[in-house]
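Here is what each chain is made of, one letter per residue.
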Amino acid sequence: MTPTDLPGPLDRGRLKARLAAGETTFGTFVGGASSLVAEACAAAGLDWLLLDLEHGGGGEEQLRSTIPAAAAYGVPTIVRAETTERIRAGRILDQGATGVMFPRVDSVAMAQQAVRAMRYPPSGERGVATYNRACRFGLDPGALDRADEQVLGVIQVETLGALREVDAIAALDGVDVLFVGPRDLSHALGVPGQVGAPAFVEATEAVLAAGQRHGTAVGLLVGDGASARRWAERGWQFVAIGSDTTVLATALRRELAEAGRGPS
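The rules behind each value
- Residues numbered from 1 in each chain as written.
- Predicted model: local features only at pLDDT ≥ 70, side-chain atom pairs only at ≥ 80, totals over all residues.
- Heavy atoms only, no water.
- 1 Å grid on protein atoms, 1.4 Å probe; cavity = no way out; pocket = protein on both sides within 12 Å on 5 of 7 lines; lining within 4 Å.
- Points joined across faces, edges and corners; volume = space filled by probe spheres on them.
- Helix = DSSP H or I, 4+ residues; strand = E, 2+ residues; numbered from the N terminus.
- Nonpolar A, V, L, I, M, F, W, Y, C, P; charged D, E, K, R; others polar.
- Pairing = 2+ DSSP bridges.
- Axes fitted to C-alpha atoms, helices over the stretch in contact; angles between N-to-C directions.
- Contact = heavy atoms within 4.5 Å.
- Core = buried A, V, L, I, M, F, W, Y, C linked by side-chain atoms within 4.5 Å.
- Buried < 20%, exposed > 50% of the residue type's maximum accessible area, 1.4 Å probe, protein only.

What follows covers empty space enclosed by the protein. All told, the structure shown has two cavities of 30 Å³ or more when counted by the stated rule. What the largest cavity holds in volume is close to 270 Å³. What lines the largest cavity is a set of 20 residues, among which Leu10, Arg12, Ala97, Ala134 and Gln150 lie closest to the centre. Considering every element that reaches the lining of the largest cavity, the biggest residue donor is helix 6 (residues 143-150), with five residues. Its residues assigned to classes, the lining of the largest cavity shows ten nonpolar, four polar and six charged. In this model, the second largest cavity occupies a volume close to 50 Å³. Forming the walls of the second largest cavity are Lys16, Val115, Met118, Arg119, Asp148, Val151, Gly174 and Asp176. Of the residues assigned to the lining of the second largest cavity, the class counts are three nonpolar, one polar and four charged.

It is worth spelling out the sheet that holds strand 2 (residues 48-52) at this point. Ordered by their spatial adjacency, eight strands build a closed barrel running 1-2-3-4-5-6-7-8, and the pairing between neighbours is parallel. Direction aside, the axes of adjacent strands within the sheet are offset by 25° on average. Set on the sheet, helix 3 (residues 63-71) makes contact with strand 2 and strand 3 (77-80); between it and strand 3 the angle comes to about 150°.

Moving on, we come to the nonpolar core. Formed by 53 residues in total, the largest nonpolar core has its most connected members in Leu178, Val207 and Trp236. Ranked by residue count, the leading element in this core is helix 5 (residues 108-118), at six residues. In this structure, Val207 is in contact with Val157, Leu163, Val166, Leu178, Val180, Val218 and Trp236, ignoring residues within four places of it in sequence. Judged by nonpolar contacts, the second largest core, of 14 residues, contains Leu19, Phe29, Phe238 and Ala240.

Spelled out as structure tokens, the structure:
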């Protein structure tokens with residue numbers, strides 16, 4: 001058997017291929033700093049998990065246990081980095097993450113920097129090492145040759161700068177998903193939290209149109225399954241349904257109401 005045939009926690013570009021083929025996928029954000037809760041989310045049948053290092057409760061140490069826990073159910077993990085710094089993406093990918101989400105990208109130049117951080121030289125700046133999960137701890141050095149084509153690059157469109165340049169960002173090689181952060185973008189547009197406001201609707205339509213022009217998937221975060229279905233029906237392929245903590249809190253509040261107790 002070749003290294004690519006062996007079982008393990010690596011996605012090897014399967015999620016990227018699904019999105020490129022036009023499939024709709026659903027995931028959730030993981031911010032509770034618990035690999036066991038992340039595993040439960042994977043067991044529920046999601047297509048992917050998004051481990052959040054920007055707003056989540058834990059740090060980089062979570063990658064060691066969360067990625068293989070989710071992969072045991074065939075679910076890949078994308079990680080939202082804190083910044084577009086080269087070292088952040090490299091460390092995430094070395095741990096076997098399927099891809100990297102970059103927040104607060106404000107321009108084409110920043111998006112280009114993010115892509116370079118995910119790629120090995122000469123096309124990028126990612127540091128080269130094989131004694132890590134991504135290379136099966138030295139047993140699969142050929143993973144270095146495959147990585148640039150398999151890693152999923154997710155660029156967030158949540159600032160006015162990114163919105164102005166969204167068409168050029170969508171056209172970049174290495175940008176596989178444009179992801180709208182509804183809270184950030186609605187605040188930037190002056191309509192905080194108002195996802196039905198004309199300015200926000202127009203902005204999301206611009207993102208979707210840019211993605212469709214360039215064959216780039218588009219995604220966003222929504223609060224529930226019904227909303228996820230509506231956005232998916234409009235052509236959004238990479239849809240996050242809440243987070244581990246919000247889904248848990250919402251479910252418990254609903255069950256308490258069923259038990260006859262209102263919110264305290």
